[in-house]
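Fold and geometry: a report
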Amino acid sequence: MSVGVALVGWGLAVLAMAVGLGAELRRSRRLEAVARAAHELRGPITAARLGVGLGVRRGGLAAPPLRAVELELERAALALEDFASAGVGSPAQQRFADVDLAALLADCAEAWRPAAHAKSGGIDVSCAGRAAVVHGDRLRLAQALDNLIANAIEHGGGAVAVCVRMDMCSVRVEVTDGGPGLPARVSELSRRARRGRGSRGRGLAIASAVAHEHGGRLASAPSDRGARLSLELPLAGAGRPQHVRLPEG
């Protein structure tokens, strides 16, 4: 066999390998889109179902639980929209406006209280005195907040504490649980989930992506117990915040 023929054969083999890898990459991306859609549908549907069930047992639904159920059903619709967009290879539409983050957080916490009680825990929310208004997509922000709260309930155990802290240009939502802590850094858990290597970090990957899209970030923060995740976002009109680096544990 001549060197030229050998090189041609080698080139064709490499080309075939590249085509195969490309097909596998496309397949894995489709599978991850399905997994992400399933994750995002499972969360809000569970929260809405538990919320409605609790309301029925108590003899009716007041305004806060109804708002919470409506928010979770909107999240479910958004997940379907994302899945449909992934199928045609185009990004889903984003709807940016000024959002009262504290009010949105209150609805998210209300939605997940039945799930927390089912785990023999609760959700304690404390907010800063002034309005925490950010410019962003309300449902995407709800995705991030819901995933952080759901992650704390599922993996933390016990009570979940949610605190809103503010400075001149940014707002931080800190979610603390009483569990054993994160098994790896936030960035590593998110990376594994994006590559389809485990479901533990999928919610964190979604929350991290939402933070990035809004000029913020998700990181772990020091905690005396369990895990503490900090979602940092710029306040409306403040531009991109000057971050204080938080160690990722």
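Residues numbered from 1 in each chain as written. Predicted model: local features only at pLDDT ≥ 70, side-chain atom pairs only at ≥ 80, totals over all residues. Heavy atoms only, no water.

So, on to the overall build of the chain. In terms of helices and strands, the chain carries 6 helices and 7 strands. Listing every helix and strand of the chain by position from the N terminus yields α-α-β-α-β-β-α-β-β-α-α-β-β. Classification of the 249 residues of the chain by burial places 41% in the buried group. Within the chain, contacts between residues separated by at least 24 positions form 73% of all contacts whose residues are at least 6 apart in sequence. Just so you have it, the chain exposes about 13000 Å², and 59% of that area is on carbon and sulfur atoms. (Helix = DSSP H or I, 4+ residues; strand = E, 2+ residues; numbered from the N terminus. Buried < 20%, exposed > 50% of the residue type's maximum accessible area, 1.4 Å probe, protein only. Contact = heavy atoms within 4.5 Å. Areas by Shrake-Rupley, 256 points an atom, 1.4 Å probe, with all protein chains shown as cover.)

Here the focus is helix H6 (residues 202-213). The end-to-end C-alpha separation of H6 is 17 Å, in line with the 16 Å expected for 12 residues at 1.5 Å each. All of the buried residues in H6 are Arg-202, Gly-203, Leu-204, Ala-205, Ile-206, Ala-207, Val-210 and Ala-211. Note on H6: the residue one or two positions beyond its end, Gly-215, has a positive phi of about 75°. (Expected span 1.5 Å × (residues − 1).)

Using the criterion set out here, one finds 5 salt bridges in the structure. A salt bridge links Glu-174 to Arg-172; its shortest N-O distance comes to 3.5 Å. Accessibility expressed as a relative area gives 8% for Glu-174, which makes it buried. We classify Arg-172 as partly exposed; its relative accessible area is 23%. (Salt bridge = Lys/Arg side-chain N within 4 Å of Asp/Glu carboxyl O.)

With that settled, consider the confidence of the model for the chain. Of all residues in the chain, 65% have pLDDT values of 70 or greater, and the mean over the chain is 76. When the criterion is pLDDT under 50, residues 1-26 qualifies, and its contacts beyond four places in sequence or with other chains add up to 1 contact. Scored below 50 in pLDDT, residues 240-249 shows 32 contacts in the model against residues more than four places distant or in partner chains. (pLDDT = per-residue confidence, 0-100.)

Moving on, we come to the state of the cysteines. Enumeration over the complete set of coordinates arrives at 0 disulfides. Its sulfur unpaired, Cys-127 is 8.0 Å from the next cysteine sulfur, which belongs to Cys-163. (Disulfide = S-S within 2.5 Å.)

Residues Leu-101, Ile-123, Val-173 and Leu-231 are the most contacted members of the largest nonpolar core, which totals 46 residues. Mapped by element, the contributors of at least two residues to this core are helix H2 (63-88), helix H3 (101-118), helix H4 (138-156), strand E4 (160-166), strand E5 (170-176), helix H5 (186-194), H6 and strand E7 (228-234). Among the elements that make up this core, the one with the highest residue count is H4 (10 residues). Not counting the four nearest positions on each side in its chain, Leu-101 is found in contact with Ala-132, Val-134, Leu-141, Leu-145, Val-171, Val-173 and Leu-233. (Core = buried A, V, L, I, M, F, W, Y, C linked by side-chain atoms within 4.5 Å.)

Tracing the chain through its elements places Asn-147 in helix H4. Remark: the alpha-carbon pair of Asn-147 and Gly-203, spanning 56 residues in sequence, is separated by 5.1 Å.

All right, on to the environment of Pro-180 then. By the element assignment, Pro-180 lies in the loop between E5 and H5. With relative accessibility at 79%, the residue Pro-180 sits in the exposed group. Beyond its immediate chain neighbours, meaning those up to four positions away, Pro-180 contacts His-155 and Gly-156.

Here 4 bridges tie strand E2 (residues 123-126) to E4, and the two strands are oriented parallel to one another. Among the inter-strand pairings, Asp-124 is bridged to a residue of E4, identified as Ala-161. As paired elements, E4 and E5 share 6 bridges and run antiparallel to each other. Bridge assignment links Met-166 to a residue of E5, and that residue is Val-171. (Pairing = 2+ DSSP bridges.)

Turning our attention to the packing of H4 against H6. The geometry of H4 relative to H6 is characterised by a closest axis approach of 8 Å and an angle of 145° between their N-to-C directions. For the pair H4 and H6, the crossing hand works out as left-handed. Contacts between H4 and H6 pair Arg-140, Leu-141, Gln-143, Ala-144, Asn-147, Leu-148 and Asn-151 from the former with Gly-203, Leu-204, Ile-206, Ala-207 and Val-210 from the latter. Residue composition of the contact of H4 with H6, by class: 7 nonpolar, 4 polar and 1 charged. (Axes fitted to C-alpha atoms, helices over the stretch in contact; angles between N-to-C directions. Left-handed = near helix turned anticlockwise from the far one by under 90°. Nonpolar A, V, L, I, M, F, W, Y, C, P; charged D, E, K, R; others polar.)

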